[in-house]
Amino acid sequence: MSTHPEPSGTAPASGAVTSDSTLLSVEDLRISFPARDGVRERVDVLQGVSFSLRRGEALALVGESGSGKTMTARTLIGLLPPTARIDSGQVTLDGQDLMSLSRRQWLKVRGGLIGTVFQDAMSGLDPVRTIGSLLMESIRLHSSISRRAACAQAIEVLGLVGIPKPAERLRAYPHQLSGGQRQRVMIALAIVTKPPLVIADEPTTALDATIQAQILELLRTDLGSSSLIIITHDLGVAASIADRTAVMYAGRIVEYSSTTEVLERPRHPYTVGLLQAAPAFSRERRPLRPIPGTPPRPQDLGASCAFAPRCPWAQDDCRSLIPDVARIGGHEHACLHPVEESV
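Only a predicted model underlies this, so the values are computations on that prediction, with no experimental measurement involved.

Explain the pattern of salt bridges here, please?
One side chain can pair with another of opposite charge once the charged atoms of both are near each other. One pass over the full model with this rule turns up 14 salt bridges. The residue Arg-55 makes a salt bridge to Asp-94 at a minimum N-O spacing of 2.8 Å. A residue pair is termed long-range when its members are at least 10 positions apart, and Arg-55 in the loop between strand S2 (42-54) and strand S3 (58-62) and Asp-94 in the loop between strand S4 (85-93) and strand S5 (96-97) qualify at 39 residues. Overall, Asp-94 belongs to the partly exposed group, its relative accessible area being 46%.

Help me understand the nonpolar core in this model?
A general tendency of soluble globular proteins is for nonpolar side chains to be buried together. Core analysis: the biggest nonpolar cluster contains 59 residues, and Leu-135, Leu-228 and Ile-230 have the highest contact counts within it. In terms of residue count, helix H7 (residues 179-191) provides more of this core than any other element does, seven residues in total. When residues no more than four places from it in sequence are discounted, the contact partners of Ile-230 are Leu-59, Ala-60, Leu-61, Ala-200, Pro-203, Leu-216, Leu-219, Val-237 and Ile-241. With 33 residues, the next largest nonpolar core counts Leu-23, Met-71, Leu-101 and Ile-229 among its residues.

What is the right way to look at helix H1 (residues 69-76) in this model?
Helical geometry note: an α-helix holds 3.6 residues per turn, so side chains three or four residues apart project in the same direction. Of all eight residues in H1, six are buried; the element is thus mostly enclosed. Within H1, burial applies to Lys-69, Met-71, Thr-72, Ala-73, Thr-75 and Leu-76. Count one or two residues on from H1 and you reach Gly-78, which has phi positive near 70 degrees.

Where do I start with the sheet that holds strand S9 (residues 244-249) in this structure?
Pairing between the strands of a sheet comes from backbone hydrogen bonds, and it takes one of two forms, parallel or antiparallel. Sheet architecture is open: eight strands sit in the order S6-S7-S8-S3-S9-S10-S12-S11, paired in mixed fashion. At either end of the open sheet lies a strand with only one pairing partner, and these are strand S6 (114-117) and strand S11 (326-328). Shown here is a sheet whose adjacent strand axes are inclined to one another by a mean of 15 degrees, direction ignored. Summarising the sheet, strand S7 (residues 197-201) and strand S8 (residues 227-232) pair through five bridges and their orientation is parallel. Note that in S8 the partner of Leu-197 across the bridge is Ser-227. Strand contacts of helix H11 (residues 269-276): S3, S9 and strand S10 (252-258), with the helix running at about 105 degrees to S9, the strand carrying the most contacts.

Honestly, the packing of aromatic side chains in this entry has me stumped. Any pointers?
Each aromatic ring pair is described using two quantities: the centre-to-centre distance and the angle formed by the ring planes. In total, this model carries three aromatic pairs according to the counting rule given. Pairing Tyr-249 with Tyr-270 gives two aromatic rings, centres 4.5 Å apart and planes at 55 degrees, and the pair type is tilted. Taken together, the residues span a long stretch of sequence, with Tyr-249 in strand S9 and Tyr-270 in helix H11 at a distance of 21 residues. Neither Tyr-249 nor Tyr-270 differs from the other in exposure class; each is buried.

When you look at unusual backbone geometry in this model, what are you seeing that I'm missing?
A negative phi holds for most residues other than glycine; trans holds for most peptide bonds. Positive phi, close to 50 degrees, is recorded for Asp-94, a residue that is not glycine. Positive phi, close to 55 degrees, is recorded for Lys-194, a residue that is not glycine. Checked against the element boundaries, Lys-194 lands in the loop between H7 and S7. Overall, Lys-194 belongs to the exposed group, its relative accessible area being 72%.

Looking at this model, I keep getting lost on the state of the cysteines. Mind explaining?
Between two cysteines, a covalent bond joining their sulfur atoms is known as a disulfide. In total, this model carries zero disulfides according to the counting rule given. The thiol sulfur of Cys-335 is not disulfide-bonded, and the nearest other cysteine sulfur, from Cys-318, lies at 6.2 Å.

Quick question: what am I supposed to make of the confidence of the model for the protein here?
Regions with low pLDDT should not have their predicted coordinates read in detail. For the protein, per-residue confidence averages 88 on the pLDDT scale, and 91% of positions sit at 70 or higher. Ranking the elements of the protein by mean pLDDT puts helix H3 (residues 121-124) last with 80 and S9 first with 98. Scored below 50 in pLDDT, residues 1-19 makes 52 contacts in the model with residues more than four places away or belonging to other chains.

How should the pairing of S4 be read in this particular structure?
In the case of a regular strand, side chains alternate between the two sheet surfaces. Relative to S4, strand S1 (residues 22-34) runs antiparallel, the two being bridged by seven bridges. Its bridge partner being in S4, Ser-32 is matched across the sheet by Arg-85. Summarising the sheet, S4 and S5 pair through two bridges and their orientation is antiparallel. Each bridged residue has a counterpart across the sheet, and for Leu-93 the counterpart in S5 is Gln-96. With antiparallel pairing between neighbouring strands as the criterion, S4 and S5 make up a hairpin whose turn holds two residues, including Asp-94 at a positive phi of roughly 50 degrees.

What's the story with the side chain of Ser-50 in this structure? I'm lost.
Counting through the fold element by element, Ser-50 comes out in strand S2. Among the polar contacts made by the side chain of Ser-50, one reaches the main-chain amide nitrogen of Asp-28 at a distance of 2.7 Å.

Calculation criteria
- Residues numbered from 1 in each chain as written.
- Predicted model: local features only at pLDDT ≥ 70, side-chain atom pairs only at ≥ 80, totals over all residues.
- Heavy atoms only, no water.
- Salt bridge = Lys/Arg side-chain N within 4 Å of Asp/Glu carboxyl O.
- Helix = DSSP H or I, 4+ residues; strand = E, 2+ residues; numbered from the N terminus.
- Buried < 20%, exposed > 50% of the residue type's maximum accessible area, 1.4 Å probe, protein only.
- Core = buried A, V, L, I, M, F, W, Y, C linked by side-chain atoms within 4.5 Å.
- Contact = heavy atoms within 4.5 Å.
- Pairing = 2+ DSSP bridges.
- Axes fitted to C-alpha atoms, helices over the stretch in contact; angles between N-to-C directions.
- Phe/Tyr/Trp six-rings, centres within 6.5 Å; stacked < 30°, edge-to-face > 60°.
- Disulfide = S-S within 2.5 Å.
- pLDDT = per-residue confidence, 0-100.
- Polar contact = N/O pair within 3.5 Å; in protein donor to acceptor, adjacent residues only side chain to side chain.

See below:
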């Protein structure tokens with residue numbers, strides 16, 4: 001993916017940048033679920049998530065499990081659980097308001113405007129249907145081409161993602177493919193209609209290092225003009241593919257900038273902790289430093305910095321105030337006492 005310069009000037013600190021080059025804009029997205037503690041009616045799981053995505057750009061959403069990455073993605077494709085409620089926010093894709101779509105309209109958006117690579121390829125593919133039938137159904141749902149033309153297009157995209165003997169593989173079932181091949185099929189399903197946006201949720205999970213590298217190379221080179229949101233807990237994945245990175249914690253984006261800026265000059269202590277716990281970013285002969293404790297449950301969040309109980313630099317005000325988002329140039333962070341030195 002190409003690297004884009006950061007916006008300059010006095011853009012708002014929300015993270016959403018509106019311009020002619022903006023494909024996706026997410027502003028103040030708040031999602032809640034029913035509470036089960038007998039005290040509150042609902043619990044917030046996303047708390048004011050805002051970001052934007054330019055055409056042809058790759059954005060990484062990074063954070064531990066439970067940080068809100070997948071919930072953000074599920075909102076973007078209209079697949080929230082029935083008990084979820086969108087309390088506020090605006091999501092616009094290529095000028096279209098996704099929050100106002102009907103169920104029938106979502107069927108056209110998924111696959112047509114947004115391609116999705118799900119985390120578990122085995123469960124993401126229908127076990128009783130052939131690869132060819134899945135690809136051809138998606139093609140014909142979003143175009144008016146003939147079955148013969150759809151078959152040719154399916155063969156072409158399987159070859160594009162590196163499936164050997166693609167014409168023969170059209171008749172294969174998911175269980176007849178290796179893990180790496182199933183993930184390639186998921187990518188083929190995501191890009192076969194040439195959507196402007198592709199969302200990849202942990203696309204390299206449970207794959208060995210060689211296959212991981214191949215999958216990331218596919219995402220870098222085979223998306224054409226599509227923009228990419230990649231969800232990952234691996235900073236190495238973000239470094240290899242993303243133009244910009246948004247670090248999420250407890251339902252908020254706590255740091256947001258170009259990937260180079262986030263990895264080389266992190267401002268939020270949580271980002272520093274992730275870097276210190278990652279082998280690829282550890283300095284020579286320095287032991288890995290896991291972040292102490294565990295991420296908070298949404299129902300345990302209060303009027304304080306959510307990371308304060310795990311933060312080695314937390315001060316008294318961190319335990320009594322929720323930090324606002326500060327913006328310096330194109331670098332945003334939500335911390336009362338940001339880190340001054342690079343890792």
